[in-house]
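# Topology and contacts: notes
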Amino acid sequence: MGHVETAMSDFLSQCGGVAVIDGGLATELERHGADLHDPLWSAKCLLTSPHLIRTCVEVMCGPPCGLLSIFILSHVAFFPNHYGKVHLDYLEAGADIIITASYQATIQGFENKGYSLEESENLLRKSVEIAREARELYYSRCHEGLTDHTADDRILNQRPILVAASVGSYGAYLADGSEYSGDYGDAMDLEFLKNFHRRRVKVLAESGPDLIAFETVPNKLEAQAFALLLEEEEINIPAWLSFNSKDGVNVVSGDSLPECVAVAESSNKIVAVGINCTPPRFINDLILSIKKVTNKPILIYPNSGESYDAERKEWVQNTGVSDKDFVSYVNNWCEVGASLVGGCCRTTPHTIREIYRNLPSRSTAPS
Ligand SMILES: C[S+](C)CC[C@H](N)C(=O)O
Ligand SMILES: N[C@@H](CCS)C(=O)O
Ligand SMILES: [Zn+2]
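Residues numbered from 1 in each chain as written. Chains lettered and ligands numbered in written order. Predicted model: local features only at pLDDT ≥ 70, side-chain atom pairs only at ≥ 80, totals over all residues. Heavy atoms only, no water.

The protein appears in an unreviewed UniProt entry as Hcy-binding domain-containing protein from Rehmannia glutinosa. If you open the UniProt record of the protein and go to Cofactor (unreviewed entry), you find "Zn(2+)". (UniProt positions renumbered as here; feature names shortened; annotations may be inferred.)

## Quick word on the site of ligand 1
Every residue near ligand 1 is listed here: Trp41, Tyr103, Gln104, Ala172, Ala175, Glu179, Tyr180, Tyr308, Lys313 and Trp315. Residue Gln104 places a side-chain N or O atom 2.8 Å away from an oxygen atom belonging to ligand 1. Between ligand 1 and Tyr308 there is a distance of 2.7 Å, counted from an oxygen atom to a side-chain nitrogen or oxygen. The fraction of the free accessible surface of ligand 1 (330 Å²) that becomes covered by protein chains is 100%. In the shell around ligand 1, the residues fall into seven nonpolar, one polar and two charged. (Near = heavy atom within 4 Å. Polar contact = N/O pair within 3.5 Å; in protein donor to acceptor, adjacent residues only side chain to side chain. Areas by Shrake-Rupley, 256 points an atom, 1.4 Å probe, with all protein chains shown as cover. Nonpolar A, V, L, I, M, F, W, Y, C, P; charged D, E, K, R; others polar.)

## Quick word on the coordination of the zinc ion (ligand 3)
At this site the zinc ion (ligand 3) is bound by Cys277 (SG), Cys344 (SG) and Cys345 (SG), with donor distances of 2.2 to 2.4 Å. Its four donor atoms give the zinc ion (ligand 3) angles of 97 to 128° at the centre, a pattern that matches the tetrahedral case. Expressed as a motif, the donor residue spacing for the zinc ion (ligand 3) is C-x66-C-C. Of the two residues, Cys277 sits in the loop between strand E6 (270-276) and helix H14 (283-291) while Cys345 sits in the loop between strand E10 (338-341) and helix H16 (349-358), which places them 68 residues apart along the sequence. Each of the two residues, Cys277 as well as Cys345, counts as buried. (Donors = N, O, S within 2.8 Å, 3.2 Å for Na, K, Ca; no water. Tetrahedral: all angles 85-135°; square planar, octahedral: opposite > 155°, others 65-115°. Helix = DSSP H or I, 4+ residues; strand = E, 2+ residues; numbered from the N terminus. Buried < 20%, exposed > 50% of the residue type's maximum accessible area, 1.4 Å probe, protein only.)

And the structure:
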């Protein structure tokens, strides 16, 4: 087996068998005041507020460099979380994997806003850089062993951390909630989807992530397009393929989940497969169904169970489960077969901290 195939199993061993994925990024940005009523949704923050995603350094002082950056980073490390710092919050909640803000970041979406090809590609790169810098800041905090008053609740535990470059679906780019229907019309074909994602995937892969996260994938055709792209573009970074479901049986388009998982199973470059942005109540049965067709690690990062109003770009509140209920399911999902667990839309660092603390393999970890 090559290094891509073994990367995830090696990582999971280092994590004690189960890795923690972060929680919702876009919805956490919103909780910190970002307005995502835009076709770019969370990718809009790459244009305007990277500080919300990572840290307040750039807002205060411009990009860090040299001695100045050592001063700024150590100085910023003592600032409370008033700017958000969403990746950092997830790391301090115990996430082993953070997912970049590129879910709805596409070259086509940026070009629609008037950015050039070069600028659009730079914005994609920036999403990975922001996550990598957050990881560095986290490591420097671990190293310094910060224990200010607000740190009581933080998990400052030096551990391997992966940056996963998010690739959302074509439906996400459409910005009309199509990733929850998977219906791209009869005229859609594999070539179109491959070409839509080709340059984006290549640029993200070359930006230095540890993983590519194809996420909220709504149908089999797009899964095939992603698997083929990894081959055609000779991408040598491991990837995961994560589907969503709204009935607990099929993926959202109605395509068979086992057939979708079989697409992942047939690719050496796909190192984990599973479900995200799906209500928690469906997860148990979905894991059982996935397990029948793959030996790859299974990843699970459901949403809160609330529903999304795509027209208003708002969540219908109070229709989901509490953090307490969400977390109470997690160990059961691991018992039936999940090896990577976290949260998607409307889950928060609090959800992730509780997941981390409740995992038997982590509950004794220093905090
Ligand atoms: C996973 S959904 C909540 C993402 C947002 C959607 N593509 C939109 O633009 O409305
Ligand atoms: N990684 C994305 C997934 C949206 S379904 C986010 O958390 O915003
Ligand atoms: Zn989601």
